[in-house]
Amino acid sequence: GSARMREMTDAAMAATAPRRRRAPAGRRWRPLLAAACIVAVVAIGGIKLLPLLLPAPSVTYTAGLGEQRTEQLPDGTRVTLNTQTALQVRYSHSRREVVLQHGEAMFDVIHDAKRPFVVTAGDGSIVDLGTQFEVRKQDGAAIVTLLEGRVEVAAQDERKQLVPGEQARYGGHIAGISVRQVDTAAVTSWLHGRLDFNGMPLAEAVEEANRYSAVKLRLGDPKLADMPVGGSFRAGDNAAIAAALSAVFPVRVARSDTHEIVLMPR
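Residues numbered from 1 in each chain as written. Predicted model: local features only at pLDDT ≥ 70, side-chain atom pairs only at ≥ 80, totals over all residues. Heavy atoms only, no water.

Peer 1: How would you summarise the sheet that holds strand S13 (residues 216-219) if you had to cite specific residues and measurements?
Peer 2: The sheet built from three strands is open, its strands ordered S13-S16-S15 with mixed pairing. Strand pairing shows two members of the sheet lacking a second neighbour, S13 and strand S15 (251-256), which therefore form its edges. Neighbour-to-neighbour, the strand axes of the sheet open up by a mean angle of 30 degrees, direction not taken into account. Across four bridges, S13 lies against strand S16 (residues 260-265) in parallel orientation. (Pairing = 2+ DSSP bridges. Helix = DSSP H or I, 4+ residues; strand = E, 2+ residues; numbered from the N terminus. Axes fitted to C-alpha atoms, helices over the stretch in contact; angles between N-to-C directions.)

In structure tokens form, the structure reads like this:
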């Protein structure tokens, strides 16, 4: 009796036990769909964040021997490159950065307090505070001339703000940041294709003229080096510069060929 009763009880339990219903196909896919949505959201968020995480792409601009060229950057800032100049521009969402690799450039900056405009030259940097300024790299030093507005020059743990007409130098053999007043028209005469020498030592004038021409001026006598010269000359025409110098100053053209013009005392 009791064995038969257990069999009937087991049968009843089996018959009335709740069956495991198979989930409809749509429900079975829901967890996978949710997971896919999460992945998609993360992916889209990642794509949006990617420009913030990756380094901003850089663009290089160059000017050849005797060439000047003007470029407009994405924010409207204008940069004019002088002879034999190369610079690298990198814009990100928080910073506008230019590296002057060599040469000279004029910057007419569209000011944006939220995105500083910084020029790196040599071992220092120049931060725009609403500005037009020029930067030149020469013999391991950097020369910054302010035309309008303000800039802050930082080098060798020192910072100095310039006012228009001031020129700062740092690097090379210069300790700290050296600041002096300059004739900005003479400094920027290259923008008009001219070289203005206003009492400049002849050795410096020759070095400046040679930046623009494949035909090089050379002093045949070191006694000429400190002789002050003046005048406005066309950049890149060293033959005309030599002729003008010999017409006005006590120098003469001793030798001239397609590579070199040698100046001697007259």
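Peer 1: Lay out the pattern of salt bridges with the relevant residues and their values.
Peer 2: Applying the stated criterion across every chain yields a total of twelve salt bridges. Here Asp75 ties to Arg96 by a salt bridge, and the two come within 2.3 Å at their closest N and O atoms. Here the residue Asp75 occupies a position in the loop between strand S2 (69-72) and strand S3 (78-81), and Arg96 occupies one in strand S5 (residues 96-108), the gap between them amounting to 21 residues. On the basis of relative accessible area, Arg96 is assigned to the buried category, the value being 1%. The salt bridge involving Asp237 is made with Arg234; its shortest N-O contact spans 3.0 Å. You can call Asp237 partly exposed: its relative accessible area is 23%. (Salt bridge = Lys/Arg side-chain N within 4 Å of Asp/Glu carboxyl O. Buried < 20%, exposed > 50% of the residue type's maximum accessible area, 1.4 Å probe, protein only.)

Peer 1: Go over the packing of aromatic side chains with me, naming the residues and quoting the values.
Peer 2: In this structure the tally under the stated criterion is three aromatic pairs. With 5.4 Å between their ring centres and 40 degrees between their planes, Phe197 and Phe233 make a pair best called tilted. Of this pair, Phe197 sits in strand S12 (residues 194-201) while Phe233 is found in strand S14 (residues 228-234), placing the two residues 36 residues apart along the sequence. The same class applies to Phe197 and to Phe233, which are both buried. Through a chain of ring-to-ring contacts, the aromatic side chains of Phe107, Phe117 and Phe133 assemble into a single cluster. (Phe/Tyr/Trp six-rings, centres within 6.5 Å; stacked < 30°, edge-to-face > 60°.)

Peer 1: Explain the nonpolar core to me, using residue names and the numbers behind them.
Peer 2: Formed by 29 residues in total, the largest nonpolar core has its most connected members in Leu87, Phe107 and Phe133. Of all the elements in the fold, those that place two or more residues in this core are strand S1 (58-63), S3, strand S4 (85-91), S5, strand S6 (117-121), strand S7 (124-138), strand S8 (141-155) and strand S10 (166-171). Sorting elements by how many residues they give to this core places S8 first, with six residues. Membership of the second largest hydrophobic core comes to 24 residues, among which are Met227, Val229, Ala242 and Val251. (Core = buried A, V, L, I, M, F, W, Y, C linked by side-chain atoms within 4.5 Å.)

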